[in-house]
Structures are given as structure tokens and as C-alpha cells.
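Single-letter residue listing:
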Amino acid sequence: MLMIAVLLLAALILIATWHLGTPLVSIIAGAPYVPSSDERVRMMLRMSRIQPGEKVADLGSGDGRLVISAAALGATAVGYEVNPFLTLRARAIAWKAGIGRRVDFHNQPFQRAPLGTYDVIFCYLLPSLMNQVEEKLERELKPGGRVVVNAFPLPTWKPIAVRDHVYVYARQ
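Everything quoted here is computed from the prediction, not taken from an experiment.

(A) Just the overall build of the protein chain, in detail. From N to C terminus, the protein chain includes six helices and seven strands. Order of helices (α) and strands (β) in the protein chain, N terminus to C terminus: α-α-α-β-α-β-α-β-β-α-β-β-β. Counting every position in the protein chain, which comprises 172 residues, the buried fraction comes to 42%. Taking the contacts inside the protein chain whose residues are at least 6 apart along the sequence as the reference set, 59% of them involve residues at least 24 apart. When the accessible surface of the protein chain is split by element, carbon and sulfur atoms take 62% of a total near 9400 Å².

(B) Structural view of the nonpolar core. With 24 residues, the main nonpolar core has Ile50, Val56, Val103 and Phe122 as its most contacted residues. Broken down by secondary-structure element, the contributors of at least two residues to this core are helix H3 (38-48), helix H4 (65-72), helix H5 (84-96), strand E3 (103-106), strand E4 (120-123) and strand E7 (166-170). Each residue touching Val103, except ones within four places of it in the same chain, is listed here: Val67, Ile68, Ala71, Ala77 and Ala94. Listed in part, the 22 residues of the second largest apolar core include Leu129, Leu141, Val147 and Trp157.

(C) Up close: the side chain of Gln108. Mapped onto the elements, Gln108 comes out in the loop between E3 and E4. With relative accessibility at 15%, the residue Gln108 sits in the buried group. Separated by 3.1 Å, the side chain of Gln108 and the backbone oxygen of Arg112 make a polar contact.

(D) Quick peek at the pattern of salt bridges. A full pass over the atoms with the stated rule returns five salt bridges. A salt bridge links Arg146 to Glu54; the shortest N-O distance between them is 2.8 Å. Placement of Arg146 in strand E5 (residues 146-150) and of Glu54 in the loop between H3 and strand E1 (55-59) is noted, with a sequence separation of 92 residues between them. Note that Asp119 is salt-bridged to Lys142, the shortest N-O span being 2.8 Å. With Asp119 in the loop between E3 and E4 and Lys142 in the loop between helix H6 (130-140) and E5, this residue pair connects regions lying 23 residues apart in the sequence. Given the relative accessible area of 16%, Asp119 is considered buried. Residues joined by salt bridges that share partners form a network here, namely Asp38, Asp63 and Arg65.

The rules behind each value
- Residues numbered from 1 in each chain as written.
- Predicted model: local features only at pLDDT ≥ 70, side-chain atom pairs only at ≥ 80, totals over all residues.
- Heavy atoms only, no water.
- Helix = DSSP H or I, 4+ residues; strand = E, 2+ residues; numbered from the N terminus.
- Buried < 20%, exposed > 50% of the residue type's maximum accessible area, 1.4 Å probe, protein only.
- Contact = heavy atoms within 4.5 Å.
- Areas by Shrake-Rupley, 256 points an atom, 1.4 Å probe, with all protein chains shown as cover.
- Core = buried A, V, L, I, M, F, W, Y, C linked by side-chain atoms within 4.5 Å.
- Polar contact = N/O pair within 3.5 Å; in protein donor to acceptor, adjacent residues only side chain to side chain.
- Salt bridge = Lys/Arg side-chain N within 4 Å of Asp/Glu carboxyl O.

See below:
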């Protein structure tokens, strides 16, 4: 009887997590799921100046909005997300949108993401992680690569554009 109750509780948590979009895994992993508005996504895409054929990565891709939108602009787009429920959700949304083959989502932290081949990197992570992001970008981002950061700027890089707490950087 106890086993059935535990299984039912686990199923309810999974369903609530998927449905409500506030997965417990993200909170436990240290970064809550805070989706960007559609307007914010459009602004970030405009500021990134993505060109067809470019490679794009989103660190902390959440439900995949930026990845899917970048692919719709002709980019090859990849999301990195620690929350397995959000990764599954993003894949489902991409397939529903008809671009499931043009995007990829990895259930792994940004620290393990190989960034050396990307033209554009999107990032919406907590301020406490931005030093790590900056150090990784300094090691891996190719010359000419662009970084678009939502809300929390890179600690020492100087942005080339700023609008409503969206920061754009370019690697020299």
C-alpha cells in the first residue's frame, strides 16, 4: 500500500512539474525556471543579428523558446538545460512546431557544453554563475562570436549593446 502511495505521489509531482512549468529539478539544481516573455525573446533575437546557417547555443535553454526561434531564422540551434523535464518539454514543443529535426537539446549543465563552434551564445542564468560563464567563454568562444545575456551581465566584458537589461557582447 505504501509503495502505491509513493508511486502515485511521484506521478503527481511529475505531472505537476510538467504542467506548471516550475520544475523542482531546476530549483534543486540552483536555477529556477523563469521563462522569458515572447517579446523578450524577439528582442534578444533582433539584438543577436542571427544569420541563416549560423550555429547558436542557449545556456539554460528552459522550454526552448530561443532555440526554436533561432532555428526558425535558419540557424542550427542547440539548447543546454539541467532540468530533464524542461529538456523533454522543449523537444516536444520543437516537434509540434515542425522543426524537431533542426534543433537539439542536451540535458547537461553549461559547464559541459562545448562552445567553440558557435556563432551566437544566449544565456539567462543566475548572477552567481556569470563568472563561470565568462571564464568558459574566454576559453572557448571563437573570434567574432556573439553573446546575448538576459538580465545579468558578464562581470568584466564590455557590452557592445544594451537594451532593457539585455547585454550583447562580441569576442574580438
